Amino acid sequence: MNNNDKLVNGILGIFLALVIPILIYAAPHFGQKELISNLDLNLPFWLYLTQFVLGLGLAIILAKDFKEWLKPIAPNIRDLLPVCIVAALAIFVCIAWIAPRHRVQSDESIFLSTAQNMYANQIAGSCDEGEFAENGYLHCQKSVHNFKTKGEPFLYVLGIPILGHDLRWIFPLHIFLLLATIFLLYFGVRAWTANNYLAFLTAAIFAAQPTTLFQFRSASVEPLYTFLFALSIFLWKWAWDKNTVKHWVLLALVLAFFAQTRQETIFCLGAFVIPSLFRMYNSQLSTLNSQLQNPNSQLKKILYSPFPTFLFVISFFCIPVLLTISYYQGYNFQGGEFNAHGHFFGNLKQALNISINTPSENGLLKNPFLSSFSILTICGIILLIIFAILESENKKTKISKSKNSQLSTLNSQLPTVQILIFFLLYFPQIFMVLENVSGDLTIEINQRYTLIAFPAMAFFCAFAIDKASLLLPKDSRLFLVFISAAVLWGNTLRYKESFEKNIMYNRNHLTTEEAEILKWLGKEPEKKRLFVYARPWHFIGYGMNAIHYNSLTPQKLSELLQKYKGEVYYVRGLDCWDSQTYHKKAVEHRIATVCDRFEQIFPMDPLFTTIITNNYRLIIAKLKESGSGTQLFAPQEADVELPENAEWLGLPSEHSQDWGNLQIDKSVTGKPLTIAKKRYKKGIGTHANGKLGYNLGGKYRRLTAVIGIDEDEFCSNGIQVKILGDGNLLTDTGKLGQGQEYLLDIPLNGVERLVFEMDGLGEINCDHVDIAVPVAYNHFKP
């Protein structure tokens, strides 16, 4: 190819690389959102398939070259053995101590459902409702967009022909990813720094974090992110050294797939692209200076390099994630009453506080973070900045190395300026996570996001320890490195009970709900079943048939009962219990009224029930033909007549409550007052934490009532109510759980001021307090 052709190709490559994201992002603003919608559903599978075939082909072509490149930098057995021990420890903890479970149920189930839809229909949308044919083919009745990336589902697609449609094999797959990530981190850092101690510590510290171990036992996308990050770092060094178009294209394919893990991942690609530009640019200097009439033409040096091809390949194969970003631009999934963006400094402060102050309760970690990791990270960042500045000053002043220059010895170990630049270019992704409201780590499900920063944090920790070791005699360095790794791992292993009790999972309602459903299914004989559920994609992800409540009619039920030989099941879970959500920064949609109507229309026989996270009741029932079966709930009417010389206790003179509005003769959500399967027409519906105050004027001698948690909203961790008269405690209900009632009957003896104090006992979720049939007896004859 002559120079003119190279010039034209270079201009075209850069032009297309820049135009692709601009056009995709701008399209919805010019009335083309429907086009973006269609492309987002129908294009990703084919692009991923092309990307996979090209990458595999290049890997095969370059295999011999890779082997020759690796040979001189490969570690010996002695250096590799400690890494193998760390990897074995990590795998042991994951398999022996941590149950394989989803971390964020709906997110991970969306990946599974999308994979099923991709495999069967080549549609990159979640299958929300569908049925599987005998040959395993998914007939998807409803494909929908989701703002999740599609890279992980495509990997599952590759495994379905071999491992099957029951995607529970993803959990052992993530164990393999952990093993691969540990070794890739080690090899990547070692290849770039030629520092075996630094590489070992990076891999060991990353693997020792509870969040790392928990996440690799889930089906979350963050483990794939860390694997592809480590792979990219390793392959980047290979491409950097070889500097051919083929090597850079292979790296571009990997980086483009790396961008398919999370939407904001695309913002960290600059950390790879910009240094690569300078590498390719500098490599052209001698060639171009001899060939070009104008050797100072900076642009031509870039256009003649492999960079335009490299950039174009990244841009083109990033189209799937660019389509998703374009389609969902301006979409505030989380935020509630808060803005979705603009929270960086607040979230950063909270993240530091949560990750540094990690108390344990009864020997269990409160959060899946270790203080030592965060503190060492901060030390490493400070040291990296200091050494980068000193290294730059050394170069400027051309201070020669000498035996007396300890600083010179330290600086010769790492190109710290280049490392600092890389992490500065990598930082925009971290910013994008933390400036979003979903970067708030006080929302426990968001704690999984931290894993994307863990490879970098592990490197900072390792950097701090490695620099400290250089202050010791050479013979003592190895001792400090291994002792540091042993101490950090020992700190992790002492939390065995936290791993076994799944502290990163067991507070999540939906993951626990799924675990109970699968446990019940495991005890049942294997049959072809269909489930009617609020989130049908949860079942579809595991290769089971499922539809939504709203899709069922009496006629369709009759057809399905015949088709599935009576094996049609109704599942009442989290979404059916509460019509409201309680976290001010979360947006969720509950459908309690939909479930209530469903149960009034369709007869069913309850088969299984259990309490989930002490909050709500999971019920599985078998649906029946019309006219058979039973009603799930048939509360008993339990009203009382108002006695003579008595009054209903009605509106208080003052009140306060942490959620909702005070209601008279109905619950705080406007439903019938229901306590312990008894319904009442008279009473007060309020919410903990709260207070009701009455000015009685000394007119009453006795008070009776029934106090409890409203049973139509079964997701409370318990309440406690204290009744005070003129500032003195009259009675205390103690802790009341769901299904319990407290029969209040106390003397008032002329109390002037009566107060009810409702305590949510820490959590106020669903603390709907009913004070039913409250009767105040006056001083006349009983």
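Above this text sits the structure in question.
Structural notes, computed from the coordinates. Quantities reported herein were computed from a predicted structural model and do not represent experimental measurements. (Residues numbered from 1 in each chain as written. Predicted model: local features only at pLDDT ≥ 70, side-chain atom pairs only at ≥ 80, totals over all residues. Heavy atoms only, no water.)

What follows is about the overall build of the chain. For the chain, the count of helices and strands is 28 helices and 23 strands. Taking all 782 residues of the chain together, the buried fraction comes to 56%. A separation of at least 24 residues holds for 76% of the contacts in the chain among residues at least 6 apart in sequence. Summed over its atoms, the accessible surface of the chain is roughly 34000 Å², and 59% of this surface lies on carbon and sulfur atoms. (Helix = DSSP H or I, 4+ residues; strand = E, 2+ residues; numbered from the N terminus. Buried < 20%, exposed > 50% of the residue type's maximum accessible area, 1.4 Å probe, protein only. Contact = heavy atoms within 4.5 Å. Areas by Shrake-Rupley, 256 points an atom, 1.4 Å probe, with all protein chains shown as cover.)

Moving on, we get to the sheet that holds strand β17 (residues 690-695). Spatial ordering of the open sheet is given by β12-β17-β22-β19-β20, a layout of 5 strands whose pairing is antiparallel. Both outer strands of the open sheet, β12 (654-657) and β20 (728-736), are each paired with one neighbouring strand and no more. The mean inter-strand angle of the sheet, taken between neighbouring strand axes irrespective of direction, is 10 degrees. The sheet contact formed by strand β19 (residues 719-725) and strand β22 (residues 753-759) spans 6 bridges and is antiparallel. (Pairing = 2+ DSSP bridges. Axes fitted to C-alpha atoms, helices over the stretch in contact; angles between N-to-C directions.)

The next point concerns the packing of aromatic side chains. In this description, an aromatic ring pair is defined by two values, namely the gap between the centres and the angle between the planes. With the rule as written, the count across this model stands at 54 aromatic pairs. On the numbers, 5.8 Å between centres and 80 degrees between planes, the contact of Y48 with F257 is edge-to-face. With Y48 in helix α3 (residues 44-61) and F257 in helix α12 (residues 245-258), the pair connects residues that are 209 residues apart, well separated along the chain. For the pair formed by Y48 and F257, the shared burial category is buried. (Phe/Tyr/Trp six-rings, centres within 6.5 Å; stacked < 30°, edge-to-face > 60°.)

Looking now at the pairing of strand β18 (residues 700-709). The buried count for β18 comes to 8 of 10 residues, which makes it a mostly enclosed element. Here 8 bridges tie β18 to strand β23 (residues 768-778), and the two strands are oriented antiparallel to one another. Residue L703 lies in a different strand from β23, and its bridge partner there is A776. Note: β18 against strand β21 (residues 741-747), 7 bridges, orientation antiparallel.

One pass over the structure, following the stated rule, counts 2 disulfides. In this model, C127 is linked to C140 through a disulfide, with the two sulfur atoms separated by 2.3 Å. Disulfide C127-C140: the torsion about the S-S bond is 120 degrees, which places it as right-handed. In this pair, C127 sits in strand β1 (residues 126-132) while C140 sits in strand β2 (residues 138-144), placing the two residues 13 residues apart along the sequence. The disulfide partner of C576 is C595, and the S-S distance across this bridge is 2.0 Å. Residues C576 and C595 are joined by a disulfide whose S-S torsion is about -65 degrees; by sign, that bridge is left-handed. Linking C576 in the loop between β7 (568-572) and α28 (592-601) with C595 in helix α28, this pair joins segments that are 19 residues apart in sequence. Assigned by exposure class, C576 and C595 land together as buried. (Disulfide = S-S within 2.5 Å.)

Let us now look at the packing of helix α8 (residues 170-193) against helix α11 (residues 222-242). The geometry of α8 relative to α11 is characterised by a closest axis approach of 8 Å and an angle of 30 degrees between their N-to-C directions. Once α8 is placed against α11, the crossing between them reads as left-handed. Touching H174, L177, A180, T181, L184, L185, F187, G188, A191 and W192 of α8 are P223, L224, T226, F227, A230, L231, I233, F234, W236, K237 and W240, all from α11. Looking at the contact of α8 with α11 residue by residue, the classes come out as 16 nonpolar, 4 polar and 1 charged. (Left-handed = near helix turned anticlockwise from the far one by under 90°. Nonpolar A, V, L, I, M, F, W, Y, C, P; charged D, E, K, R; others polar.)

Turning next to a nonpolar patch on the surface. A cluster of nonpolar side chains, namely W46, L49, F52, V53, L56, I60, L155 and L158, defines an oily patch on the protein surface of about 700 Å² accessible area. If you list the elements that add at least two residues to the nonpolar patch, you get α3 and α7 (151-163). The leading source of residues in the nonpolar patch is α3, at 6 residues. Along the chain, W46 turns up in helix α3. Given the relative accessible area of 45%, W46 is considered partly exposed. (Patch = residues over 30% accessible without salt bridge, like charges linked within 9 Å, V, L, I, M, F, W, Y side chains within 5 Å. Salt bridge = Lys/Arg side-chain N within 4 Å of Asp/Glu carboxyl O.)

Of all hydrophobic cores here, the largest spans 197 residues; its most connected members are F310, Y549 and L623. Filtering out sequence-adjacent residues up to four positions away, F310 remains in contact with W248, L251, A252, L255, V273, S276 and M280. I709, I746, V751 and F756 belong to the second largest nonpolar core, which has 26 residues in total. (Core = buried A, V, L, I, M, F, W, Y, C linked by side-chain atoms within 4.5 Å.)

Below, the discussion takes up the side chain of R262. Within the fold, R262 resides in the loop between α12 and α13 (270-283). Reaching out from R262, the side chain makes a polar contact with the side chain of E222 at a distance of 2.6 Å. Within polar-contact distance, the side chain of R262 engages the side chain of E264 at 2.3 Å. Beyond its immediate chain neighbours, meaning those up to four positions away, R262 contacts T149, V221, E222, V321, Y449 and I452. (Polar contact = N/O pair within 3.5 Å; in protein donor to acceptor, adjacent residues only side chain to side chain.)

That's the geometry; what it means functionally is another story.
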